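# Survey of secondary and tertiary structure
If you want the building blocks of each chain, they are given just below.
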Amino acid sequence: MLHIVACIKQVPDTKIIKMNPKTNTMDRRTAPAILNPYDAHAVEEAVRLKNRYGGIVSVVTMGPPPAVTAIKKCIEIGADEGYLITDRRFAGADTLATSYAVTKAIEKIAKTKPVDLIICGKMSIDGDTGQVGPGIARRLDIPPLTSVNKVVEINQNEGYAIVHRKLEDGYEVVRSTMPCLFSVEKTINEVPYSPLPNMIKAARYNPHIWSVDDLEEVDVKQLGLKGSPTIVSKVWAPQKPAGGTFFEGNPTSQVEQLLSVLLQKKELFETKEGV
Amino acid sequence: MDFQDYKGVWVFIEQKDGVVASVSLELLGAGRKLADKRGVELAGILIGENVKHLTNTVFEFGADTMYVYDQPIFKHYRTETYMKALLECADKHKPEIILFGATSTGKDLASAVATDLPTGLTADTTELDVEEETGLLLASRPAFGGNIMATILCKKYRPQMATVRAKVMKALTPQSGRTGKMVEETISLKEEDIRTKVLEIVKETVKNVRIDEADIIVAGGKGLGSFEGFQLIHQLAETLGGAVGASRDVVEAGWIDHAHQVGQTGVTVTPKIYFAIGISGAIQHIVGMKNSGLIIAINKDKEAPIFQTCHYGIVGDAFEIVPILIEQFKMALTRDKVNK
């Protein structure tokens, strides 16, 4: 029985988020909280592997109490158990402190049932770093396999996994000992609509909720803001360029003006054959 | 931790099949400025098999020193082996700053190394500076999905680390014959102790998808309304011999593959000409294309932010403008051929 742990995050939907033009800060109220889209693929892949090989899927996240919603979403996708670690002492964590806290949670989960595989999304859409997954792998001293876009084989008896890792110009086939950690590309799978029984199960499901005190052998100095070597010193709105020249007139005239500008700048087309 | 012990700026030199990644050359340019400001050496760290000959390139692009690990165990990139070499080298020579390209390899390696050191790591930096006196690295990046810029510092740990986006820094003009000091390093790693094996590398030639290399990009956004509407972008791109780009919305709607996405979570591009059609111009998109030579925006909404980044703007319906553009271009091109 495989035990797969998927690491997830609840994030503000950065597509919808609005900026307050006066303060240049993000108006979080305008953004609904969603399951990080990359993590939905991580959970989906974990569930597919469970269906292929048998086993259970646990999801773990660090966040404020409303993050249970993101866990419920994972139960809808097909995860079996969800763990939320939530505590003010986690607040302000950068990627190093986050990977520490999540690792502590995984270690505790592993005490009840050893973990064979950890799956993360490629990155979160709010932090955009992709650093937490490899960080967790290093802390657990297991191989990190990033940019995974296909799982070829999991062989629990012999203790190895074979995956495709996406490269800039193709992919590589890698074999790794297990346990190991995958961080997955969006292209690895498609997340279908959840079946009704899963939705009912999710609605009734209560995740395990742990504070720092529920974790074991935690060095509180490594948590949250205190445990974060990086700090944000300055935040500013990106410089607004002056803006361009508008072409006036009817569409044909506008296009003609554009064309005359472009044709004057022939060097722009130099390398293009036939232009 | 005594910061006095940490000196010098390092650039991880990413290479593949004996070719240095262009982002590494760009970082040597950026690293040179930081090193000069601090009055310290700029070093490259190169790991691979049969890679020693690349040192000259690295010196020509600005490095003073090269640390080289050239061993069969480094034939393929693997987090475990590369990380061990880098950790050992950093521990021995103690750099104050290490920069990596924000490529899949650079990000993978930097994340693992930073965790083990441990130290702070800033991802996807687009601007770099250093405080002359303190050596504090000022690493700036788009944050919160690119809506704002943030400067990130790592005050209490050394080395300071950052991954840096490709195409946002400029490589120096190489000085032919410029040399430096090569330091050959070796590490004793046994193949049987390494837990991952690369079984096969499969190259896929994807036609027209390397938008980071295109001279002309025609990019479309949600304003085109549908997959069918987006075909207009393909038509114009074909006429101009350009590549097709897209905003994140379009990729998420499934009108085109992610490889075409320009912006914060896609590709940074620097073509000679960039057409932004039906793209409103969210900052996530802007950061990925603002360094294009000539930016032309076509949008119905006069207030769309894209118009503040473009050089030339046309306010109007893409379905009306673009067909005229295609027709006029074809005519101009034919005329040009006849004249030749």
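The structure this text deals with has already been given above.
Residues numbered from 1 in each chain as written. Chains lettered and ligands numbered in written order. Predicted model: local features only at pLDDT ≥ 70, side-chain atom pairs only at ≥ 80, totals over all residues. Heavy atoms only, no water.

### Description of a nonpolar patch on the surface
Residue and element names in this part refer to chain A. Put simply, the rule reads: Like-charged residues are merged into a patch within 9 Å and nonpolar side chains (Val, Leu, Ile, Met, Phe, Trp, Tyr) within 5 Å, provided each residue has over 30% relative accessible area and no salt bridge. To be clear on the numbers: accessible area is Shrake-Rupley with a 1.4 Å probe, and residue cover counts the displayed protein chains and nothing else. By definition here, a salt bridge exists when the distance from a side-chain nitrogen of Lys or Arg to a carboxyl oxygen of Asp or Glu is within 4 Å. In DSSP terms, a helix is any run of H or I states spanning at least four residues, a strand is any run of E spanning at least two, and both are numbered starting from the N terminus. Three labels apply to residues, based on accessible area from a 1.4 Å probe with only protein chains included: buried if under 20% of the type maximum, exposed if over 50%, partly exposed otherwise in between.
A cluster of nonpolar residues, Leu-196, Met-199 and Ile-200, forms a patch on the protein surface that exposes about 270 Å² of accessible area. With respect to the helices and strands, the residue Leu-196 is situated in helix 5 (residues 196-204). Judged by relative accessible area, which is 57%, Leu-196 ranks as exposed.

### A closer look at the packing of aromatic side chains
For the record, the criterion: Aromatic pairs are defined between Phe, Tyr and Trp rings, using the six-membered ring for Trp, whenever the two ring centres lie within 6.5 Å; interplanar angles under 30 degrees are classed as stacked, those over 60 as edge-to-face, and all others as tilted. For a lysine, the NZ atom is tested; for an arginine, the CZ atom; a charge sits over a ring if that atom is within 6 Å of the ring centre and within 35 degrees of the ring normal.
According to the stated counting rule, one finds nine aromatic pairs over all chains in the structure shown. Ring geometry for B:Trp10 versus B:Tyr67: centroids 5.0 Å apart, planes at 45 degrees, classification tilted. In this pair, B:Trp10 sits in strand 1 (residues 9-13) while B:Tyr67 sits in strand 5 (residues 65-70), placing the two residues 57 residues apart along the sequence. One exposure class covers both B:Trp10 and B:Tyr67, and it is buried. Taken together, B:Tyr69, B:Phe74, B:Tyr77 and B:Tyr82 form an aromatic cluster joined through their ring pairs. Seen from the ring of A:Tyr38, A:Lys186 lies directly overhead, with NZ or CZ sitting 4.9 Å from the centre. Of note, B:Arg158 hangs over the ring of B:Phe3, and the distance from its end group to the ring centre comes to 4.1 Å.

### Looking at the nonpolar core
Going by this rule: As used in this record, nonpolar core signifies buried Ala, Val, Leu, Ile, Met, Phe, Trp, Tyr and Cys residues forming a set joined through side-chain atoms within 4.5 Å.
Counting residues in each nonpolar core, the largest one holds 39 residues, and the members touching the most others are A:Val43, A:Ile119, A:Ile154 and A:Phe182. Sorting the residues of this core by element identifies strand 1 (2-7), helix 1 (37-53), strand 6 (55-62), helix 2 (68-77), strand 8 (117-121), strand 9 (144-155), strand 10 (160-167) and strand 12 (180-184) of chain A as the ones contributing at least two each. Counting 37 residues, the second largest nonpolar core, distinct from the first, contains A:Val261, B:Phe230, B:Trp255 and B:Tyr312.

### Quick word on the sheet that holds strand 9 (residues 137-143) of chain B
The condition is simple: At least two DSSP bridges between two strands are required for those strands to pair. Every axis corresponds to a line fitted to the C-alpha atoms, with the helix fit spanning only the stretch in contact, and the corresponding angles, defined between N-to-C directions, vary from 0 to 180 degrees. The criterion used for residue contact is that any of the two residues' heavy atoms lie within 4.5 Å.
Read across the sheet, four strands follow the order 14(A)-10(B)-9(B)-8(B) without closing on themselves; strand pairing throughout is antiparallel. A single partner strand is all that each edge strand has here, and the edge strands are strand 14 (230-236) of chain A together with strand 8 (127-130) of chain B. The sheet shows a mean angle of 30 degrees between the axes of neighbouring strands, direction not considered. Strand direction decides the pairing type here: strand 9 of chain B and strand 10 (residues 148-154) of chain B, joined by five bridges, are antiparallel. Directly across from B:Ala143, in strand 10 of chain B, lies its bridge partner B:Ile148. The sheet contacts of helix 1 (residues 22-38) of chain B involve strand 8 and strand 9 of chain B, and relative to strand 8 of chain B the element is tilted by about 15 degrees.

### Details of the pairing of strand 11 (residues 170-177) of chain A
Residue and element names in this part refer to chain A. Counting buried residues in strand 11 gives six out of eight residues, a clear majority hidden from the surface. Pairing of strand 10 with strand 11 involves eight bridges; the strand directions are antiparallel. Note on strand 11: the bridge partner recorded for Leu-167 is Gly-170. Two successive antiparallel strands, strand 10 and strand 11, enclose a turn made up of two residues.

### As for the packing of helix 3 (residues 79-93) of chain B against helix 4 (residues 104-116) of chain B
Residues and elements named next belong to chain B. Spelled out, the test is: Any angle from 65 to 115 degrees is called roughly perpendicular, while one under 35 is roughly parallel, one over 145 is roughly antiparallel, and all others are oblique. Crossing chirality is assigned from the near helix's rotation relative to the far helix, an anticlockwise turn below a right angle marking it left-handed and a clockwise turn marking it right-handed. Polar here means any residue other than Ala, Val, Leu, Ile, Met, Phe, Trp, Tyr, Cys and Pro, which are nonpolar, and Asp, Glu, Lys and Arg, which are charged; Gly is therefore polar.
The interhelical angle for the contact between helix 3 and helix 4, taken along N-to-C directions, is 55 degrees, at an axis separation of 9 Å. When the axis of helix 3 is compared with that of helix 4, the two are oblique. Between helix 3 and helix 4 lies a crossing of right-handed hand. Contacts from Thr-79, Tyr-82, Met-83, Leu-86 and Leu-87 in helix 3 reach Asp-108, Leu-109, Ala-112, Val-113 and Asp-116 in helix 4. Split into classes, the residues belonging to the contact of helix 3 with helix 4 amount to seven nonpolar, one polar and two charged.

### Some remarks on unusual backbone geometry
Cis geometry is adopted by the peptide bond preceding A:Pro179, which originates at A:Met178 and carries an omega value of 0 degrees. Here A:Pro179 lies in the loop between strand 11 and strand 12. Of the consecutive residues B:Arg158 and B:Pro159, the connecting peptide bond is found in the cis state with omega at -5 degrees. Here B:Pro159 shows up in the loop between strand 10 and strand 11 (160-164). The backbone of A:Asp141 shows a phi angle near 55 degrees, a positive value even though the residue is not glycine. For A:Asp141, the location among the structural elements is in the loop between helix 4 (132-140) and strand 9.

### Let's talk about the interface of chain B and chain A
Heads up, the rule is: Once two parts are brought into contact, the accessible area they lose, counted with a 1.4 Å probe and summed over both, makes up the buried area.
Listed per partner, the contact involves 82 residues of chain B and 79 residues of chain A. Regarding the contact of chain B and chain A, the summed buried area is about 7,300 Å², with carbon and sulfur atoms giving 60% of it. At the boundary of chain B with chain A, the tally comes to six salt bridges. The residue A:Asp169 makes a salt bridge to B:Lys203 at a minimum N-O spacing of 3.5 Å. The leading source of residues in the side of chain B that touches chain A is helix 9 (residues 318-339) of chain B, at ten residues. Of the residues contributing to the side of chain B that touches chain A, the split by class is 37 nonpolar, 22 polar and 23 charged.

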